[in-house]
Amino acid sequence: MTRAQQTLSIGLLVASVYMVAFLGLAPLPAKIQDDIIPVLPIWAIVSFGAYLLFKLGYGVATFNDVPEAHQELMREIQEARADLQKKGVEVD
Amino acid sequence: MSTPNNNLLDRLVGLSMLVLATTVFLYYTIWTLLLPFVDPTHPLQSAFPPRVWAIRIPVILILLGGAVVGSFLGMVMIRSNRKKALKAQQKKAS
């Protein structure tokens, strides 16, 4: 089963469960039905955004400088530039 | 070539993003999922705006974000097209 198939089937499952709850096809306490169910999708989106921000912040906070890799990368860029210019490709 | 000791700034920015993300998540979860079960007269309710805004604010932010990204893309595409047209003109003239 490919990643896409897996994601799609999980998405469909979640969507159908939510549809059942949203359309009132399953009996739920009135408070939950009226106040919480309609808000769940937006809550999921906001929480997903917060999770992404968290992951980004964590990555930024724990990333250490790598000066050797930086110099090696600069060298490789210059080599590639010279090579491409020789072959007549516009660089920059 | 890279500025020395950028590490401190990086850590501060990363930490502030972490704190912001956690705060947003907690505040929004309490607002949308917890408050309906809390007495309307409880003092906690006064820390949160009326619940309608819990829907409006994310929608407005998403629309704003989409508009910013869209206009940025549009500007970059227009500029690159203009450069290409200019180059084509210069080639014809030479």
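Each value, and the rule that gives it
Residues numbered from 1 in each chain as written. Chains lettered and ligands numbered in written order. Predicted model: local features only at pLDDT ≥ 70, side-chain atom pairs only at ≥ 80, totals over all residues. Heavy atoms only, no water. Helix = DSSP H or I, 4+ residues; strand = E, 2+ residues; numbered from the N terminus. Rg over C-alpha atoms; globule rule 2.2 N^0.38 Å. Areas by Shrake-Rupley, 256 points an atom, 1.4 Å probe, with all protein chains shown as cover. Lys, Arg positive; Asp, Glu negative; His and termini not counted. Charge placed at Lys NZ, Arg CZ, Asp CG, Glu CD. Contact = heavy atoms within 4.5 Å. Salt bridge = Lys/Arg side-chain N within 4 Å of Asp/Glu carboxyl O. Nonpolar A, V, L, I, M, F, W, Y, C, P; charged D, E, K, R; others polar. Patch = residues over 30% accessible without salt bridge, like charges linked within 9 Å, V, L, I, M, F, W, Y side chains within 5 Å. Buried < 20%, exposed > 50% of the residue type's maximum accessible area, 1.4 Å probe, protein only. Core = buried A, V, L, I, M, F, W, Y, C linked by side-chain atoms within 4.5 Å. Domains from an automatic or database assignment. Buried area = accessible area lost by both parts, 1.4 Å probe.

## What to know about the overall build of chain A
The secondary structure content of chain A amounts to 4 helices and 0 strands. From first element to last, N terminus to C terminus, chain A shows the α and β order α-α-α-α. In terms of C-alpha radius of gyration, chain A reaches 25 Å, well past the compact-globule figure of 12 Å for 92 residues. When the backbone C-alpha atoms are referred to their principal axes, chain A occupies close to 70 × 30 × 25 Å. Total accessible area computed for chain A in this model is approximately 7,400 Å², and 67% of it derives from carbon and sulfur atoms. Charge centroids of chain A, computed over 7 positive and 10 negative side chains, lie 4 Å from each other.

## Some points on the interface of chain A and chain B
Of the residues lining the interface, 26 residues belong to chain A; the matching set on chain B comes to 28 residues. At the junction of chain A with chain B, the criterion picks out 0 salt bridges. Looking at the side of chain A that touches chain B, the elements that each hand over two or more residues are α2 (30-36), α3 (40-62) and α4 (67-86) of chain A. Among the elements that take part in the side of chain A that touches chain B, α3 of chain A stands out by supplying 15 residues, more than any other. The residue inventory of the side of chain A that touches chain B, partitioned by class, reads 17 nonpolar, 5 polar and 4 charged.

## As for a negative patch on the surface
Where like charges cluster on the molecular surface, the negative patch consists of Glu68, Glu72, Glu76 and Glu79 of chain A. Position of Glu72 of chain A among the secondary structure elements: in helix α4.

## Observations concerning the environment of Ile30 of chain B
All names here are of chain B. Tracing the backbone shows Ile30 in helix α1 (residues 7-34). Given a relative accessible area of 30%, Ile30 falls into the partly exposed group. For the pair Ile30 and Phe48, spaced 18 residues apart in sequence, the C-alpha to C-alpha distance is 9.3 Å. If near-sequence neighbours (up to four positions away) are discounted, Ile30 is found in contact with Leu35 and Phe48.

## Details of the nonpolar core
In terms of nonpolar packing, the biggest core is built from 8 residues, these being Ile42 and Val46 of chain A together with Tyr28, Trp31, Leu35, Val38, Phe48 and Ala54 of chain B. Among the secondary structure elements, those contributing two or more residues to this core are α3 of chain A together with α1 of chain B.

## Describing the pattern of salt bridges
Tallied over the full model, the rule gives 1 salt bridge over all chains. A salt bridge links Asp83 of chain A to Lys87 of chain A, with the shortest nitrogen-to-oxygen separation between them at 3.7 Å.

## With respect to the side chain of Thr32 of chain B
Inspection of the secondary structure assignment puts Thr32 of chain B in helix α1. Those residues in contact with Thr32 of chain B, other than ones at most four positions away along the chain, are Val39 and Trp43 of chain A together with Arg51 and Ala54 of chain B.

## Details of the domain arrangement of chain B
Residue and element names in this part refer to chain B. Segmenting chain B into domains produces domain 1 (1-48) and domain 2 (50-94). Each partner contributes to the interface: domain 1 provides 5 residues, whereas domain 2 provides 6 residues. Contact between domain 1 and domain 2 buries roughly 460 Å² in total, counting both sides, with carbon and sulfur atoms accounting for 61%. For the domain 1 face of the interface with domain 2, the top three residues by lost area are Tyr28, Trp31 and Thr32, together amounting to 78%. Applying the counting rule to domain 1 against domain 2 returns 0 salt bridges. Classifying every residue of the side of domain 1 that touches domain 2 gives 4 nonpolar, 1 polar and no charged.

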